[in-house]
Amino acid sequence: MSETSTSLISTYLDIALLAARAGGTVLSSYWGKQLAIAQKGRSGDLVTEVDKKSEQEIITVIKRHCPDHGILAEESGINGSQNHQYQWIIDPLDGTTNYAHGYPQAAVSIGLTINGVPSVGVVYNPMKDELWSAAKGLGATLNNQKIRVSTTDHLEDTLLVTGFAYDRRETPDNNYAEFCYLTHLTQGVRRAGSASLDLCELAGGRLDGYWERGLKPWDLLAGVVILKEAGGKITAYDGTEFDIDSGRILATNGIIHLALMEALKNTPHSPAFSFHN
Ligand code: IPD
Ligand code: CA
Ligand code: CA
């Protein structure tokens with residue numbers, strides 16, 4: 001990467017950090033208070049006034065600094081110009097269910113692609129004062145300290161994380177069987193409720209692997225940049241190239257990637273796990 005592009009990318013990282021702080025201030029100021037909560041499409045898919053306010057603040061910061069850039073945000077969709085060179089993708093509150101229950105695993109997640117390449121990622125959990133960030137070629141940090149993935153090298157020694165999409169009651173492909181099987185094979189599988197933080201905690205070595213389906217680009221982009229810069233590996237479930245629009249991700253410290261991939265492929269699907277409607 002040339003000098004110019006490195007300095008450009010770090011300028012965008014600074015803007016993402018400003019925007020994440022602005023969204024994070026909204027999350028902190030409503031924390032513990034009574035919230036106006038509405039249901040989106042499916043049962044359990046919530047949206048609060050905090051999601052919307054946080055998104056407004058984030059977009060205001062990005063527009064102030066980058067008026068020509070494209071923006072895709074979870075609650076308001078495509079915002080402003082359709083710029084395919086610079087595309088910001090925003091989840092103003094990732095972990096809404098946790099946040100609405102007062103469980104402090106939730107974050108603002110802001111990513112930027114440049115010419116389609118995931119280039120900047122910031123994930124900020126103000127409840128725990130944890131600010132995760134990365135830019136392509138510049139490494140990944142947690143509160144300004146460099147982070148690196150774990151070195152766990154056997155599946156049976158791993159601590160994993162996964163999640164369940166809001167359509168879990170409607171599909172047999174709901175991840176219940178995989179969750180049980182991997183719980184059996186490892187030291188544990190967590191369901192922490194914020195995809196962006198799952199990726200960051202994997203990047204920081206607290207977890208060794210992560211898989212999930214039914215995700216959106218705003219759940220993933222920032223965490224993908226952070227995990228890659230921390231030395232992690234990201235693919236599709238079958239080991240082929242990761243596609244952020246597929247909604248599926250297999251992410252690990254790199255060392256246990258093949259073992260987790262095999263375990264997912266070999267998961268027994270018994271009728272006991274088919275709780276879908
Ligand atoms: C959700 C979280 C959760 C994941 C869901 C996402 P939201 O995002 O990231 O961990 O399992 O699939 O939709 O709704 O809290 O922004
Ligand atoms: Ca989300
Ligand atoms: Ca969200």
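Details of the structure are given in the entry above.
Residues numbered from 1 in each chain as written. Chains lettered and ligands numbered in written order. Predicted model: local features only at pLDDT ≥ 70, side-chain atom pairs only at ≥ 80, totals over all residues. Heavy atoms only, no water.

Draft legend 1. The overall build of the protein chain, seen in detail. Along its length, the protein chain carries 7 helices and 15 strands. Taking 277 residues into account, the globule formula puts the C-alpha radius of gyration at 19 Å, and the protein chain, at 18 Å, falls close to it. Taken along its principal axes, the extent of the C-alpha atoms in the protein chain is 55 × 45 × 30 Å. When burial is assessed residue by residue, the protein chain has 54% of its 277 residues classed as buried. Counting only carbon and sulfur atoms, one obtains 50% of the accessible surface of the protein chain, whose full area is about 12,300 Å². Charge centroids of the protein chain, computed over 23 positive and 32 negative side chains, lie 3 Å from each other. (Helix = DSSP H or I, 4+ residues; strand = E, 2+ residues; numbered from the N terminus. Rg over C-alpha atoms; globule rule 2.2 N^0.38 Å. Buried < 20%, exposed > 50% of the residue type's maximum accessible area, 1.4 Å probe, protein only. Areas by Shrake-Rupley, 256 points an atom, 1.4 Å probe, with all protein chains shown as cover. Lys, Arg positive; Asp, Glu negative; His and termini not counted. Charge placed at Lys NZ, Arg CZ, Asp CG, Glu CD.)

Draft legend 2. Quick look at the packing of aromatic side chains. Taken as a whole and judged by the stated rule, the model has 5 aromatic pairs. Arranged with centres 5.4 Å apart and planes meeting at 75°, the rings of F164 and F179 form a pair that is edge-to-face. Highlighted residues: F164 in the loop between strand 11 (159-162) and helix 4 (176-185) and F179 in helix 4, separated in sequence by 15 residues. Under the relative-accessibility criterion, F164 is labelled buried at 13%. Residue F179 is classed as partly exposed on the basis of its relative accessible area, which comes to 23%. Taken together through their ring pairs, the aromatic side chains of Y12, Y86 and W88 make up a single cluster. Over the ring of Y124 we find R21; its NZ or CZ atom is 5.1 Å from the centre of that ring. (Phe/Tyr/Trp six-rings, centres within 6.5 Å; stacked < 30°, edge-to-face > 60°. Lys NZ or Arg CZ within 6 Å of the ring centre and 35° of its normal.)

Draft legend 3. The arrangement of the pairing of strand 13 (residues 209-212) in detail. Here strand 13 shows two buried faces, one formed by G209 and W211 and the other by Y210 and E212. Here strand 11 runs beside strand 13; their pairing, made up of 3 bridges, is parallel. Within strand 13, the residue paired with V161 across the bridge is Y210. The sheet contact formed by strand 13 and strand 15 (residues 249-252) spans 4 bridges and is antiparallel. Within the sheet, the bridge partner assigned to G209 lies in strand 15 and is T252. (Pairing = 2+ DSSP bridges.)

Draft legend 4. The arrangement of the coordination of the calcium ion (ligand 2) in detail. The protein atoms that coordinate the calcium ion (ligand 2) are D91 (OD), D94 (OD) and D219 (OD), at distances spanning 2.1 to 2.3 Å. Mapped onto the polypeptide sequence, the residues donating to the calcium ion (ligand 2) form the spacing pattern D-x2-D-x124-D. (Donors = N, O, S within 2.8 Å, 3.2 Å for Na, K, Ca; no water.)

Draft legend 5. Local environment of the coordination of the calcium ion (ligand 3). Those donors, E74 (OE), D91 (OD), D91 (OD) and L93 (O), are the protein atoms that reach the calcium ion (ligand 3), and they lie 2.2 to 3.2 Å from it. In the primary structure, the donors to the calcium ion (ligand 3) are separated according to the pattern E-x16-D-x1-L. A separation of 3.7 Å is found between the calcium ion (ligand 3) and the calcium ion (ligand 2), both of which receive a donor from D91. Of this pair, E74 sits in the loop between strand 3 (70-73) and strand 4 (77-79) while L93 sits in strand 5 (residues 86-94), placing them 19 residues apart in sequence. Classification of L93 by relative accessible area gives buried; the value is 1%.

Draft legend 6. Structural detail: helix 6 (residues 217-229). Given a rise of 1.5 Å per residue, 13 residues ought to cover 18 Å, and the 18 Å separating the end C-alpha atoms of helix 6 matches this to within 8%. Of all 13 residues that make up helix 6, 12 are buried, and the element is covered over most of its length. Listing the buried residues of helix 6 in full gives P217, W218, D219, L220, L221, A222, G223, V224, V225, I226, L227 and E229. With its phi angle positive at about 95°, G231 sits one or two positions after the end of helix 6. (Expected span 1.5 Å × (residues − 1).)

Keep in mind that these numbers describe shape and distance, not what the molecule does.
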